Amino acid sequence: MPEPYTAIQIVMMPKHTNPHGTIFGGVLLANIDMAGAIGAQHEVQIRGGNSRAAFVTVAINRVEFKKPVLVGDVVKFRTTLVKFGRTSVTMHIDVVAERGAETIPVTDAEAVFVGVDLSTPERKPVALFSDNPPAM
């Protein structure tokens, strides 16, 4: 299995908390979405794919909140390629919280992103590779 790519690393602040004193799930979801798109772009670029493709979210297939995230946690959003389609990339996003010397798995998700051409008003999907998607 390939090494995960750390797409985002952020310190959770008091502004991210819910009334229970933990981090809102929506804060994590927003960062999962962004990390997945960054990871998809990274995977296409390192394989010499379409540099004009901008990635938009098509689906978040699964999200599992395992443990709460606390103020002060350094949260890493690590992405791993699941598969390529002709115009899409499926990514696994693993979220871990560093709390002192401890690293805690807190959330994981799987999401699908499609490459689109932002230079056109229709933002139609574009092929990610000139040939078939590369083998993983």
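What comes next is a walk through the structure. This one's a predicted model, so the numbers in the text were calculated from it and none came from an experiment.

When you go through the protein residue by residue, the secondary structure sums to one helix and five strands. Helices and strands in the protein line up, N terminus first, as β-α-β-β-β-β. If one aligns the C-alpha atoms of the protein with their principal axes, the spans along those axes are about 50 × 35 × 20 Å. Taking all 136 residues of the protein together, the buried fraction comes to 41%. Restricting to contacts in the protein with at least 6 residues of sequence separation, those with at least 24 account for 66%. Of the accessible surface of the protein, which amounts to about 7500 Å², a share of 54% is contributed by carbon and sulfur atoms. Across the protein, 13 positive and 13 negative side-chain charges occur, with their mean positions spaced 3 Å apart.

On to unusual backbone geometry, then. For Arg123, which is not glycine, the phi torsion reads 50 degrees and is therefore positive. Within the element layout of this structure, Arg123 appears in the segment after strand S5 (102-116).

Residues Phe55, Phe77, Val89 and Ile93 are the most contacted members of the largest nonpolar core, which totals 31 residues. The set of elements that each furnish at least two residues to this core consists of strand S1 (5-11), helix H1 (25-46), strand S3 (74-84), strand S4 (88-99) and S5. If one sorts the elements of this core by residue count, H1 sits on top with seven residues. In this structure Val89 touches Ala40, Val44, Phe55, Leu81, Lys83, Phe84, Ala111, Val112, Phe113 and Leu128, once residues within four positions along its chain are discounted.

Time to look at the environment of Val126. Relative to the elements of secondary structure, Val126 occurs in the segment after S5. You can call Val126 buried: its relative accessible area is 17%. Once the C-alpha coordinates of Val126 and Glu98 are considered, the two residues, 28 residues apart in sequence, prove to be 38 Å apart. Filtering out sequence-adjacent residues up to four positions away, Val126 remains in contact with Asn50, Ala53, Arg86, Thr87, Gly115, Val116 and Asp117.

Time to look at the packing of aromatic side chains. This structure, assessed with the given rule, holds one aromatic pair. Summarising the aromatic geometry, the rings of Phe84 and Phe129 are spaced 5.0 Å apart at their centres and angled 80 degrees between planes, so their arrangement reads as edge-to-face. Taken as a pair, Phe84 in strand S3 and Phe129 in the segment after S5 lie far apart in primary sequence, 45 residues in all. With respect to class, Phe84 is no different from Phe129; both count as buried.

A word on the pattern of salt bridges. Counted under the stated rule, the structure contains seven salt bridges. Where Glu98 meets Lys76, a salt bridge forms, and the shortest distance between an N and an O atom there is 3.1 Å. Taken together, the residues Glu98 in strand S4 and Lys76 in strand S3 connect sequence positions 22 residues apart.

What follows covers the environment of Gly115. You can see Gly115 is positioned in strand S5. For Gly115, a relative accessible area of 0% gives the class buried. Counting along the chain gives 56 residues from Gly115 to Ala59, while the straight-line C-alpha distance between them is 13 Å. In contact with Gly115, other than residues within four places in its own chain, are Ala53, Ala54, Phe55, Thr87, Lys124, Pro125, Val126 and Leu128.

Definitions and cut-offs
- Residues numbered from 1 in each chain as written.
- Predicted model: local features only at pLDDT ≥ 70, side-chain atom pairs only at ≥ 80, totals over all residues.
- Heavy atoms only, no water.
- Helix = DSSP H or I, 4+ residues; strand = E, 2+ residues; numbered from the N terminus.
- Buried < 20%, exposed > 50% of the residue type's maximum accessible area, 1.4 Å probe, protein only.
- Contact = heavy atoms within 4.5 Å.
- Areas by Shrake-Rupley, 256 points an atom, 1.4 Å probe, with all protein chains shown as cover.
- Lys, Arg positive; Asp, Glu negative; His and termini not counted.
- Charge placed at Lys NZ, Arg CZ, Asp CG, Glu CD.
- Core = buried A, V, L, I, M, F, W, Y, C linked by side-chain atoms within 4.5 Å.
- Phe/Tyr/Trp six-rings, centres within 6.5 Å; stacked < 30°, edge-to-face > 60°.
- Salt bridge = Lys/Arg side-chain N within 4 Å of Asp/Glu carboxyl O.

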